[in-house]
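Summary of the model geometry
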Amino acid sequence: MPSLFELTKEQFVEHLVDEPRFRVDQIWHGVWGELDDVQSITTIPKILRARLSEQFPSSLRVVEDVQSDHGTTRKWVFALHDGSTIETVLMGYRDRVTVCVSSQAGCAMGCTFCATGQAGFTRQLSVGEILEQVIFAARAARPRRLTNVVFMGMGEPLANYPVTVGAVRRLHEYLGLSARHLTVSTVGVAPAIERLAREGLAITLALSLHAANDETRNELIPLNRRYPLSRLREACEVWNSTTSRRLSLEWALIDGVNDTDKAVEELADFAYPLHAHVNLIPLNPTPGFLVRGSSSHRVNEFRDALVRAGVNVTVRNTRGRSIDAACGQLANVTNAKRRSLPVRSI
Ligand code: SF4
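It should be emphasised that the depicted structure is a prediction, and the values quoted were computed from it without experimental measurement.

**Side note on the sheet that holds strand β1 (residues 61–68)**
Pairing is mixed in the open sheet, where 10 strands are placed in the order β1-β2-β3-β4-β7-β8-β9-β10-β11-β12. At either end of the open sheet lies a strand with only one pairing partner, and these are β1 and β12 (312–315). Shown here is a sheet whose adjacent strand axes are inclined to one another by a mean of 20°, direction ignored. Judged from the 4 bridges that link them, strand β11 (residues 277–282) and β12 form a sheet pairing that is parallel. Within β12, the position partnered with Leu280 by the bridge is Val315. Its contacts with the sheet place helix α6 (residues 161–173) against β7 (148–151) and β8 (182–186), and it is angled at close to 165° to β8.

Here it is, written out as structure tokens:
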């Protein structure tokens with residue numbers, strides 16, 4: 001049985017065709033506006049609550065719930081109806097509350113620095129499974145209001161394209177989140193970037209670049225062999241010319257691999273003409289990956305060199321490292337534990 005979050009409003013209205021319209025609106029407002037589960041919407045008859053709860057069970061079962069950063073970062077491992085597991089991370093900052101959602105159970109992209117990639121692909125998530133992660137986190141964040149959703153958890157969102165776009169639209173329409181506060185990340189599915197640019201969504205696109213020469217990028221992100229940097233640059237140009245949103249480039253700094261002076265030049269050559277904003281992320285430890293993140297001293301030097309080259313740059317504050325919830329670590333405690341991970345190095 002699907003969860004209620006699989007349904008569009010029109011489908012929900014159709015499902016409750018025997019109920020008065022005001023009743024349907026009450027429930028819809030309770031679920032999306034007040035973040036209530038159906039059982040707590042006391043303005044509707046008990047019998048209807050019971051019926052809806054039975055018809056639309058939750059699609060997420062909490063397997064693990066861990067916290068770090070003095071309780072401001074929280075990670076859940078959820079089991080889905082078929083036993084697949086996914087992970088969701090909630091991060092509270094001074095000025096915003098962000099949830100990082102998974103778009104696939106596992107991932108087929110095989111990026112060498114990423115625990116999810118090392119553990120392999122299980123299946124695509126549905127729109128409802130993505131939306132329910134957001135709702136779950138928004139409820140947990142109360143009394144603070146969830147402000148941002150980033151599609152940076154397990155999976156490559158643009159490899160689950162219609163579902164990702166469907167979820168983005170509904171987060172905007174039903175949950176009232178500003179499109180500017182919705183970020184879709186990709187490791188570079190070039191045709192999907194161009195398609196996304198034409199959707200008319202004012203969202204943020206975060207391209208996980210990590211290397212700006214094909215040789216290194218091929219090693220880090222196997223998809224680069226299919227869509228090399230020249231093709232990716234074309235897709236970014238389409239993004240820039242079609243949307244009003246500035247492109248973000250993600251760069252996980254790996255000691256001796258992509259934190260060299262040459263890497264600064266290559267990154268600046270890629271980012272500057274695209275007017276892109278660069279987010280530097282000190283690499284998080286991942287089992288099976290025999291390199292380490294750059295030192296904080298080198299991170300600062302790298303940032304300063306980019307600034308001198310005229311590139312907009314921020315060093316991202318890494319959250320959740322101690323609970324394997326930081327970038328590239330998801331699946332450490334679930335899928336990865338159950339497999340013997342290949343040891344890969346670059
Ligand atoms: S970095 Fe993203 S795309 Fe690459 S393997 Fe990990 S989850 Fe998949």
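Moving on, there is more to tell.
**Section: the pairing of strand β9 (residues 204–208)**
For β9, the buried fraction is high: 5 of the 5 residues fall into the buried class. Burial along β9 is two-sided: the residues Thr204, Ala206 and Ser208 and Leu205 and Leu207 are all buried. For the segment spanning β8, helix α7 (residues 190–197) and β9, crossover handedness is right-handed. Direction of pairing for β9 relative to strand β10 (residues 248–253): parallel, over a ladder of 3 bridges. Note on β10: the bridge partner recorded for Ser208 is Glu250.

**A few points about unusual backbone geometry**
Arg142 connects to Pro143 through a cis peptide bond whose omega is 15°. Within the fold, Pro143 resides in the loop between α5 (127–141) and β7. Non-glycine residue Leu35 carries a positive phi angle of around 60°. Relative to the helices and strands, Leu35 is located in the loop between α2 (21–33) and α3 (46–55). Given 19 C-beta atoms within 10 Å, Leu35 falls into the partly exposed group.

**A closer look at the environment of Pro57**
Relative to the elements of secondary structure, Pro57 occurs in the loop between α3 and β1. Exposure remark for Pro57: the 13 C-beta atoms within 10 Å place this residue in the partly exposed category. Expressed as a C-alpha distance, the spacing of Pro57 and Leu207, which sit 150 residues apart in the sequence, is 35 Å.

Reading the values: rules and limits
Residues numbered from 1 in each chain as written. Predicted model: local features only at pLDDT ≥ 70, side-chain atom pairs only at ≥ 80, totals over all residues. Pairing = 2+ DSSP bridges. Helix = DSSP H or I, 4+ residues; strand = E, 2+ residues; numbered from the N terminus. Axes fitted to C-alpha atoms, helices over the stretch in contact; angles between N-to-C directions. Contact = placed C-beta atoms within 7 Å. Buried ≥ 20, exposed ≤ 12 C-beta atoms within 10 Å, placed from the backbone. Right-handed = clockwise from strand over helix to strand, strands pointing away.

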